[in-house]
Amino acid sequence: MQPTVRIAHRMNEIKRFSSLPSPTGVAGDNARLALQCDGRATGVFLSGDTLQHQFRCTGGYLLVTCYDYFDGVQYWFTLLSDDLRVMDVISPPDSFGSMQDVGQPGPDMLSFGFFDTADRWRLAVISGRFDGPPSDAATRRPLRFFLRPRRIRLWKEGAVSVPGKTAQIAS
């Protein structure tokens, strides 16, 4: 099944959200931050310990959080609805540097790279349902989202798809 894509506008970087730091001693994949919107607690907790980017997109908000540790950086891309419900979360493989050169090549789409690599990644927010075939990226979604329709698509530019297999991450 092909994704249903309703293009409305480009993502706009915003500054509505802030966060409280993770409790002491909580790190790695277990690191969490308490999300605030317009200075008020939301009751939403996201993976990571730093809110790095935030965008307004079709039907909600895309928040980029990370956890920077001694030998790498882990990123999470979280899609929130307008009423601040978590709709989808996806994470690229760990990198050895920070996210950089963030661009917007199209509506509801980001491109970015990681420090000291030539790799380029793309992320698209799908406003309809994307029930495409499972891929390596499906394993990078929290279990509670595994059977839900995907709304974030993440892939490495130049990835080659072969019927039944995917050479790179393509969700």
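Residues numbered from 1 in each chain as written. Predicted model: local features only at pLDDT ≥ 70, side-chain atom pairs only at ≥ 80, totals over all residues. Heavy atoms only, no water.

A. Up close: the environment of Trp 155. Along the chain, Trp 155 falls in strand β12 (residues 150–156). For the pair Trp 155 and Arg 120, spaced 35 residues apart in the sequence, the C-alpha separation amounts to 8.9 Å. (Helix = DSSP H or I, 4+ residues; strand = E, 2+ residues; numbered from the N terminus.)

B. Spotlight on the nonpolar core. Core analysis: the biggest nonpolar cluster contains 21 residues, and Met 11, Leu 62, Tyr 75, Phe 77, Met 99, Phe 112 and Leu 123 have the highest contact counts within it. Elements with a contribution of two residues or more to this core: β5 (50–57), β6 (60–69), β7 (72–81), β8 (86–90), β10 (109–114), β11 (120–130) and β12. Ranked by residues supplied to this core, first place goes to β7 with four residues. Non-local contacts of Met 11, meaning those with residues more than four positions away in its chain, are made with Phe 55, Arg 56, Cys 57, Leu 62, Gln 104, Asp 108, Met 109, Leu 110, Leu 123 and Val 125. Counting 17 residues, the second largest nonpolar core, distinct from the first, contains Phe 17, Leu 33, Cys 37 and Val 89. (Core = buried A, V, L, I, M, F, W, Y, C linked by side-chain atoms within 4.5 Å. Buried < 20%, exposed > 50% of the residue type's maximum accessible area, 1.4 Å probe, protein only. Contact = heavy atoms within 4.5 Å.)

C. Inspection of the sheet that holds strand β4 (residues 40–47) at higher detail. Read from one edge of the open sheet, three strands run β2-β3-β4, paired in antiparallel fashion. Each end of this open sheet is capped by a strand with a single partner; those strands are β2 (17–20) and β4. Taking each pair of neighbouring strands and ignoring which way they run, the sheet shows an average axis angle of 35°. Direction of pairing for strand β3 (residues 32–37) relative to β4: antiparallel, over a ladder of five bridges. By the bridge assignment for β4, Arg 32 is matched with Ser 47. (Pairing = 2+ DSSP bridges. Axes fitted to C-alpha atoms, helices over the stretch in contact; angles between N-to-C directions.)

D. Region of interest: the sheet that holds β8. As summarised here, the arrangement of the five strands in space is β1-β5-β6-β7-β8, forming an open sheet in which the pairing is antiparallel. Only two strands of the sheet have a single neighbouring strand rather than two, namely β1 (12–13) and β8. As paired elements, β7 and β8 share four bridges and run antiparallel to each other. Looking across to β8, one finds that Leu 79 is bridged to Asp 88.

E. Main features of the side chain of Ser 111. Relative to the assigned elements, Ser 111 resides in strand β10. Here the side chain of Ser 111 touches Arg 120 through a polar contact of 3.1 Å, side chain to side chain. Beyond its immediate chain neighbours, meaning those up to four positions away, Ser 111 contacts Asp 101, Val 102, Gly 103, Pro 105, Arg 120, Trp 121, Arg 122 and Glu 157. (Polar contact = N/O pair within 3.5 Å; in protein donor to acceptor, adjacent residues only side chain to side chain.)

F. Inspection of the pattern of salt bridges at higher detail. Across all of its chains, the model carries five salt bridges by this definition. In this structure, Arg 85 and Asp 83 form a salt bridge, with 3.3 Å as the shortest nitrogen-oxygen distance. (Salt bridge = Lys/Arg side-chain N within 4 Å of Asp/Glu carboxyl O.)

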